[in-house]
Amino acid sequence: MGLSFLSAGAKRRDELLAIDLGGRTTKAVHLTRKGDRLGLARFALVDAPIYEKNLSVELLAEHLKAVCKALETKTRTAAVAIGVQDSIVRQAELPVMPVPDMRQMLKMSAKMYLQQELPGYVYDCFPLTNPGAQKKPEKPKATSNLPKQRMLVAGARNQLVENVQAAMKSGGLHPDHVVPGLIGPVNAFEQAFPELYSKEVVALVEIGFKNTSICILDRGDLALSRVVAIGSDKLTNGLAESLGISYAEAEGIKIGMPQEVQPNLETLVLPLGRELRASLDFFEHQHDKPVTHIFVSGGAAKSEVILQILQAELLSECKTWNPLGFLQFDLPPQQVAEVDQVAPQLAVAVGAGLAAF
């Protein structure tokens with residue numbers, strides 16, 4: 001899905017940096033193209049900057065410089081994924097017209113189509129069905145009698161997009177795309193598991209730092225997306241409080257020795273499981289079909305205990321997945337040894353890069 005609030009156009013790129021701005025850790029990948037093959041040349045995980053309220057352009061620019069240094073690459077064309085808390089992704093019935101006209105129409109009439117006033121937002125749109133309807137029609141005098149089309153609409157504050165673009169330039173990058181992070185796992189999953197993507201009903205759960213997103217795909221159609229305000233930070237903080245230990249110690253135990261604190265984790269993870277179950281129930285009731293597979297990504301997906309707790313609540317197998325499985329590796333030896341361990345954390349970054357490719 002090529003959703004982007006900033007796009008440098010449809011130029012075919014041979015290489016690109018894709019950066020997922022996380023709340024605690026920024027994840028970045030250097031993607032390459034050789035013929036029809038996509039490759040992974042480098043990846044990096046860098047501690048996100050600590051800040052109060054809004055992240056300044058200057059601080060973000062310095063952070064992006066640090067990310068580029070960690071990647072050890074000369075490539076500067078980049079796509080950045082912004083967090084689910086900084087963007088919206090909705091389905092909407094929009095009049096059939098060219099996408100630039102849709103974007104402008106949403107800026108003027110967001111409440112009519114998105115049931116919410118969103119002043120100062122910019123938008124992008126992606127057809128969910130009948131992509132052929134995107135052929136440019138003759139421009140009508142009014143939109144009221146136009147046929148409608150189901151579109152996936154993404155929105156973000158224009159000021160945020162401009163700040164990210166300015167920080168990228170100040171940090172030495174060439175801004176190519178600014179992408180809503182929610183669609184990253186969807187894009188990566190399409191490439192990693194094309195058969196499941198196109199033929200099954202699949203739930204993708206991305207456990208982030210502050211929030212968890214769930215996207216339900218019905219044979220390639222993003223039928224439902226939702227953001228739950230429970231993430232790894234809440235799990236780690238809760239563990240630290242219940243055990244009377246430091247945040248860093250709780251983080252290590254959560255992933256490294258989760259069996260030792262399973263009762264504590266169950267208390268913390270069950271509310272997340274109930275929220276995700278409600279999303280599955282809503283979809284299954286509305287569409288009268290079951291979700292057949294649940295795949296989990298994000299740092300917490302590395303914990304078998306967390307997956308087991310979610311599985312018991314969702315009444316369906318929860319599996320971690322590798323968003324890098326379709327990529328050809330051209331990594332330095334040290335990263336070859338590490339890549340399997342960090343792969344679940346790179347879904348958003350890889351998917352953001354695919355939106356730009």
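Calculation rules
Residues numbered from 1 in each chain as written. Predicted model: local features only at pLDDT ≥ 70, side-chain atom pairs only at ≥ 80, totals over all residues. Heavy atoms only, no water. Helix = DSSP H or I, 4+ residues; strand = E, 2+ residues; numbered from the N terminus. Buried < 20%, exposed > 50% of the residue type's maximum accessible area, 1.4 Å probe, protein only. Contact = heavy atoms within 4.5 Å. Polar contact = N/O pair within 3.5 Å; in protein donor to acceptor, adjacent residues only side chain to side chain.

Participant: How do you make sense of the environment of Leu 128 when you look at a structure like this?
Facilitator: With respect to the helices and strands, Leu 128 occurs in the loop between strand S7 (121–127) and strand S8 (148–157). Using a relative accessible area of 13% as the deciding quantity, one classes Leu 128 as buried. A C-alpha to C-alpha distance of 13 Å links Leu 128 and Ala 154, two positions 26 residues apart in sequence.

Participant: Any chance you could explain the side chain of Gln 335 here in plain terms?
Facilitator: One can find Gln 335 in helix H11 (residues 333–342). Residue class for Gln 335 comes out buried when judged on its relative accessible area of 12%. If near-sequence neighbours (up to four positions away) are discounted, Gln 335 is found in contact with Arg 42 and Phe 43.

Participant: Explain the environment of Arg 90 here, please?
Facilitator: Position of Arg 90 relative to the elements: it lies in strand S6 (residues 87–95). It is 16 Å that separates the C-alpha atoms of Arg 90 and Asp 218, two residues lying 128 residues apart in sequence. Once you skip the residues sitting within four places of it in the chain, Arg 90 turns out to touch Leu 114, Gln 116, Met 151, Leu 152 and Val 153. Among the polar contacts made by the side chain of Arg 90, one reaches the side chain of Gln 116 at a distance of 2.5 Å.

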